[in-house]
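# Coordinate analysis (summary)
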Amino acid sequence: MARRNDERRVALIDAALEVLAREGARGLTFRAVDKEAAVPPGTTSNYFLNRDDLLTQSGARVYERLQPDDATIARQRAAGRDRETYAALMRELVTRVSAFRTGYLALLELRLEATRRPALRTLLTDRVRADVDANVAYHEASGLPGDATAVKLLMLTLNWLIVEQLTLPGVFDEEEREALVTAAVERIVGEG
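Criteria and cut-off values
- Residues numbered from 1 in each chain as written.
- Predicted model: local features only at pLDDT ≥ 70, side-chain atom pairs only at ≥ 80, totals over all residues.
- Heavy atoms only, no water.
- Helix = DSSP H or I, 4+ residues; strand = E, 2+ residues; numbered from the N terminus.
- Contact = heavy atoms within 4.5 Å.
- Areas by Shrake-Rupley, 256 points an atom, 1.4 Å probe, with all protein chains shown as cover.
- Lys, Arg positive; Asp, Glu negative; His and termini not counted.
- Charge placed at Lys NZ, Arg CZ, Asp CG, Glu CD.
- Buried < 20%, exposed > 50% of the residue type's maximum accessible area, 1.4 Å probe, protein only.
- Core = buried A, V, L, I, M, F, W, Y, C linked by side-chain atoms within 4.5 Å.
- Salt bridge = Lys/Arg side-chain N within 4 Å of Asp/Glu carboxyl O.
- Phe/Tyr/Trp six-rings, centres within 6.5 Å; stacked < 30°, edge-to-face > 60°.
- Lys NZ or Arg CZ within 6 Å of the ring centre and 35° of its normal.
- Expected span 1.5 Å × (residues − 1).
- Axes fitted to C-alpha atoms, helices over the stretch in contact; angles between N-to-C directions.
- Parallel < 35°, antiparallel > 145°, perpendicular 65-115°, else oblique.
- Patch = residues over 30% accessible without salt bridge, like charges linked within 9 Å, V, L, I, M, F, W, Y side chains within 5 Å.

Let us look at the overall build of the protein chain. Secondary structure summary: the protein chain contains 10 helices and zero strands in total. Listing each helix as α and each strand as β along the protein chain from the N terminus yields α-α-α-α-α-α-α-α-α-α. Taking the principal axes of the C-alpha coordinates as reference, the protein chain spans close to 55 × 35 × 30 Å. A separation threshold of at least 6 residues defines the contact pool for the protein chain, and within that pool the share at least 24 residues apart is 68%. Summed over its atoms, the accessible surface of the protein chain is roughly 10800 Å², and 53% of this surface lies on carbon and sulfur atoms. Here the protein chain carries 27 positive and 30 negative side-chain charges, and the mean point of each set is 6 Å from the other.

Our focus in this paragraph is the environment of Glu-7. Turning to its location among the elements, Glu-7 is positioned in helix H1 (residues 6-23). Owing to a relative accessible area of 70%, Glu-7 belongs among the exposed residues under this scheme. Distance from Glu-7 to Phe-100, taken between C-alpha atoms, is 20 Å for residues 93 residues apart in sequence.

This next bit is on the nonpolar core. One broad trend across soluble globular proteins is that nonpolar side chains are buried collectively. Judged by nonpolar contacts, the single largest core of 49 residues is most densely connected at Leu-20, Leu-28, Val-62 and Tyr-86. For this core, the secondary-structure elements that each account for two or more residues are H1, helix H4 (51-66), helix H6 (83-99), helix H7 (101-114), helix H8 (118-142), helix H9 (148-167) and helix H10 (174-189). Setting aside residues up to four positions removed in sequence, Tyr-86 forms contacts with His-139, Leu-144, Pro-145, Val-151, Leu-154, Val-185 and Val-189.

We now examine the pattern of salt bridges. As enumerated under the stated definition, the model contains 14 salt bridges in all. The salt bridge involving Asp-14 is made with Arg-65; its shortest N-O contact spans 3.3 Å. Taken together, the residues Asp-14 in helix H1 and Arg-65 in helix H4 connect sequence positions 51 residues apart. For Arg-65, a relative accessible area of 33% gives the class partly exposed.

Attention now moves to the environment of Asn-50. Examined against the element boundaries, Asn-50 turns out to sit in the loop between helix H3 (43-47) and H4. For the pair formed by Asn-50 and Ala-150, sequence separation is 100 residues and the distance between their alpha carbons is 40 Å.

Turning our eyes to something else, we now look at unusual backbone geometry. For Ala-38, which is not a glycine, the phi torsion comes out positive at approximately 55 degrees. According to the relative accessible area criterion, Ala-38 is exposed, its value standing at 68%.

Following the sequence through the fold, Ser-98 ends up in helix H6. Those residues in contact with Ser-98, other than ones at most four positions away along the chain, are Ile-162, Gln-165 and Leu-166.

Turning our eyes to something else, we now look at the packing of aromatic side chains. Two descriptors summarise a pair of aromatic rings, namely the distance from one centre to the other and the angle between the planes of the rings. Within the structure shown, the criterion is met by zero aromatic pairs. The ring of Phe-48 carries Arg-9 above its face, with NZ or CZ at 5.1 Å from the centroid.

Turning next to H7. Helix length check: H7 (14 residues) gives 20 Å between terminal C-alpha atoms against 20 Å at 1.5 Å per residue, within 8%. Residues of H7 that are buried include every one of Gly-103, Tyr-104, Leu-105, Ala-106, Leu-107, Leu-110, Glu-113 and Ala-114, and no others. At its buried positions, H7 is contacted by H1, H4, H6, H8 and H9.

The N-to-C vectors of H1 and helix H2 (residues 30-37) enclose an angle of 110 degrees; their axes lie 8 Å apart at closest approach. On the basis of the axis angle, H1 is roughly perpendicular to H2. Contact residues: H1 offers Leu-12, Ala-15, Ala-16, Glu-18, Val-19 and Arg-22, while H2 offers Ala-32, Val-33, Glu-36 and Ala-37.

A contiguous patch of negative charge on the surface is contributed by Asp-173, Glu-174, Glu-175 and Glu-176. Counting through the fold element by element, Glu-176 comes out in helix H10.

Right under this line is the structure:
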């Protein structure tokens, strides 16, 4: 039976994200997580039924950590409603998500692993679909320019820009990245 110390469980999942980002899915073992979390050998196996359980819970956790904090949400709600403000919000988003490098790289590993693990695929599919729906609903309620398709296109575009920044950071410098985000908003959202 898996143990229920929620604080320890979260620490182990966070350690798993670090291992995933550094070693890839093949390197994710209970022993590697124990070492990363600096806990006695066998601790991770006391908290997770098996590797699939650890992967699935890691998939849920990375999305928790990628969510903006309350101050960021309040600042966004108080911002203007024009395309320039929209571009500034998207530049901030790319910077914030890119700052959680290990989490995003772990998420990429989880997505690849989901092609082979139905439970993980279901979890990630449901989570990403919920995020798409939440982003569209937030956007529509915000009064920012553009429609649901623009939101989806920006998500796809900016996700790949983040991947580029995290995996091949020398391709675009910070100034070019900022300009690309602005151009994406301007071209995808249009004049609206």
